[in-house]
Structures are given as C-alpha cells and as structure tokens.
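# Observations on chain architecture
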Amino acid sequence: MICETGLLHERAAPIAMGGRLIELLARLRDIRLIRYGLASVGALAVDMGFFLLLLAGGMSSPLAAAAGYSLGIIVHWLMSSRAVFQDSVAQRGAGRGRQKVLFVASALIGLALTTGIVWAGERSGVDPRLAKMAAILVSFLVTYLLRKTIVFGRAIP
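Computed from a predicted model, the values in this text were never measured in an experiment.

Let us now look at the overall build of the chain. Along its length, the chain carries five helices and zero strands. Reading the chain from its N end, one meets helices and strands in the order α-α-α-α-α. Looking at the chain as a whole, 32% of its 157 residues qualify as buried. Within the chain, contacts between residues at least 6 apart in sequence are counted, and of these 69% link residues at least 24 apart.

And the structure:
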C-alpha cells in the first residue's frame, strides 16, 4: 500500500505477492498440460495400483503392466474428456465415436510402449518397478502429444 509519502508501505509487498501468487495459481489451473498431468496422476494411481496388485499375485510383469495400463486408459478417458480437453470434446454421435477411437488408438500406442519397455527391462534384469517408471514417462509424453494434436486438437462435429 502507498502511504502519505507516496512510497510503498513495507507491509504492502507481501499482500501484493499474495495477490500475484493467487493470479499465478489461477493461470496454472488453465494450463492444459498441468490439467493433463493431474488427470494422468489419477489414472496412474489406478494403473500402478493394479499393476502392483497383479505383480504381487504372481502375474508376469509385462501382462500385469498391460492390464494396469488398460484400466488406467478408462480412467484417463473419463478425466481427460471432462477436465482436460472438455472444450474440444465432440458432441454426441459420430464425432464423439471417432474421438473415442482416436483416444483408444493413442492409448494402445502408450500400451505398446509401456509393455515393450517393461518387457525390455525384465529381459535386461531391471527391476520391473523401475522399468514401469521409465515406461510411464515415455508413455505420458507420447500420449499427451497425440491427444493434444490429433485426438482433441481439431474440432470434430
């Protein structure tokens, strides 16, 4: 705040910074990649939880990775279409159907990457959990780019 002398009062700086922080957080909320990241974290929790459950039950790591990823795909569609790309989801009908097919195709690419990386890790003697973490990073980047540019990137009637 400015006092009678016309100078900035020393208590005004924290207030101004607090306002800027709130403004920054509001802008970050609007950044699609951050929303996608949060949706991915939710889907990843389902994916990883199911993967670890199946792994502990004795399932092979590539099959467990594929099953976990598949369940995560469903969760990710729900979150992506409602909270990340909601402004570019096609209306019901053929357009929405095409979008779902493209989404699943992008997910299958991510699934292939995930399964392949975990398989390669297992064959190389890498702990399957570490291989899964590497697969998560690669799959996240590839599917985000596909979904941003192809699945939700153009208007579908």
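On to a nonpolar patch on the surface. Taken together, the side chains of Val-46, Phe-50, Leu-53, Leu-71, Ile-74 and Leu-78 define a hydrophobic patch exposed on the protein surface, amounting to about 490 Å² of accessible area. For the nonpolar patch, the elements supplying multiple residues, two or more each, are helix H2 (32-56) and helix H3 (61-84). Relative to the helices and strands, Val-46 resides in helix H2.

Take the nonpolar core next. Counting 15 residues, the largest nonpolar core has Tyr-36, Tyr-69, Ile-73, Val-84, Phe-85, Phe-103 and Phe-152 as its most contacted members. Counting residues per element, this core draws most heavily on H3, at five residues. Residues contacting Tyr-36, with those up to four places away along its chain left out, are His-76, Ser-80, Val-84, Phe-85, Phe-140, Thr-143, Tyr-144 and Arg-147.

Turning our eyes to something else, we now look at the packing of H3 against helix H5 (residues 128-151). Where H3 meets H5, the axes come as close as 12 Å, and the angle between the chain directions of the two elements is 35 degrees. Seen from above, H3 lies across H5 with right-handed handedness. Here Ser-61, Ala-65, Tyr-69 and His-76 of H3 come into contact with H5, specifically with Pro-128, Lys-132, Ser-139, Thr-143 and Arg-147. Of the residues that constitute the contact of H3 with H5, the class distribution is three nonpolar, four polar and two charged.

Another point: the packing of aromatic side chains. This model, assessed by the stated rule, comprises seven aromatic pairs. Ring centres of Phe-85 and Phe-152 lie 4.4 Å apart, and the angle between their planes is 10 degrees; this geometry places the pair in the stacked category. Residue Phe-85 is found in the loop between H3 and helix H4 (94-123), and its partner Phe-152 is found in the segment after H5; the two are separated by 67 residues along the sequence. Given a relative accessible area of 1%, Phe-85 falls into the buried group. Taken together, the ring pairs in this structure connect Tyr-36, Trp-77, Phe-85, Phe-103, Phe-140, Tyr-144 and Phe-152 into an aromatic cluster. Taking NZ or CZ as reference, Lys-132 lies 5.3 Å from the ring centre of Phe-51, over its face. The ring of Phe-103 has Arg-147 sitting right over it, with the charged end atom 3.9 Å from the ring centre.

Another point: the packing of H2 against H3. Where H2 contacts H3, the two axes come as close as 7 Å, and the packing angle between them is 150 degrees. As summarised for this structure, H2 and H3 are arranged roughly antiparallel, according to the angle between their axes. Helix-helix and strand crossings are classified by hand; for H2 and H3 the assignment is right-handed.

Position of Gly-121 relative to the elements: it lies in helix H4. The class of Gly-121 is buried, set by a relative accessible area of 9%. Between the alpha carbons of Gly-121 and Ala-131 there is a distance of 5.3 Å; along the sequence they are ten residues apart. Residues within four places of Gly-121 in sequence aside, it is in contact with Val-126 and Ala-131.

A separate point is H5. Of the residues making up H5, those classed as buried are Ala-131, Lys-132, Ala-135, Ile-136, Ser-139, Thr-143, Tyr-144, Arg-147 and Val-151. Residues of H5 that are buried make contact with H2, H3 and H4. The opening residue of H5, the one whose side-chain oxygen lies 2.7 Å from the backbone nitrogen of Arg-129, is Asp-127.

Conventions and cut-offs
- Residues numbered from 1 in each chain as written.
- Predicted model: local features only at pLDDT ≥ 70, side-chain atom pairs only at ≥ 80, totals over all residues.
- Heavy atoms only, no water.
- Helix = DSSP H or I, 4+ residues; strand = E, 2+ residues; numbered from the N terminus.
- Buried < 20%, exposed > 50% of the residue type's maximum accessible area, 1.4 Å probe, protein only.
- Contact = heavy atoms within 4.5 Å.
- Patch = residues over 30% accessible without salt bridge, like charges linked within 9 Å, V, L, I, M, F, W, Y side chains within 5 Å.
- Areas by Shrake-Rupley, 256 points an atom, 1.4 Å probe, with all protein chains shown as cover.
- Salt bridge = Lys/Arg side-chain N within 4 Å of Asp/Glu carboxyl O.
- Core = buried A, V, L, I, M, F, W, Y, C linked by side-chain atoms within 4.5 Å.
- Axes fitted to C-alpha atoms, helices over the stretch in contact; angles between N-to-C directions.
- Left-handed = near helix turned anticlockwise from the far one by under 90°.
- Nonpolar A, V, L, I, M, F, W, Y, C, P; charged D, E, K, R; others polar.
- Phe/Tyr/Trp six-rings, centres within 6.5 Å; stacked < 30°, edge-to-face > 60°.
- Lys NZ or Arg CZ within 6 Å of the ring centre and 35° of its normal.
- Parallel < 35°, antiparallel > 145°, perpendicular 65-115°, else oblique.
- Polar contact = N/O pair within 3.5 Å; in protein donor to acceptor, adjacent residues only side chain to side chain.

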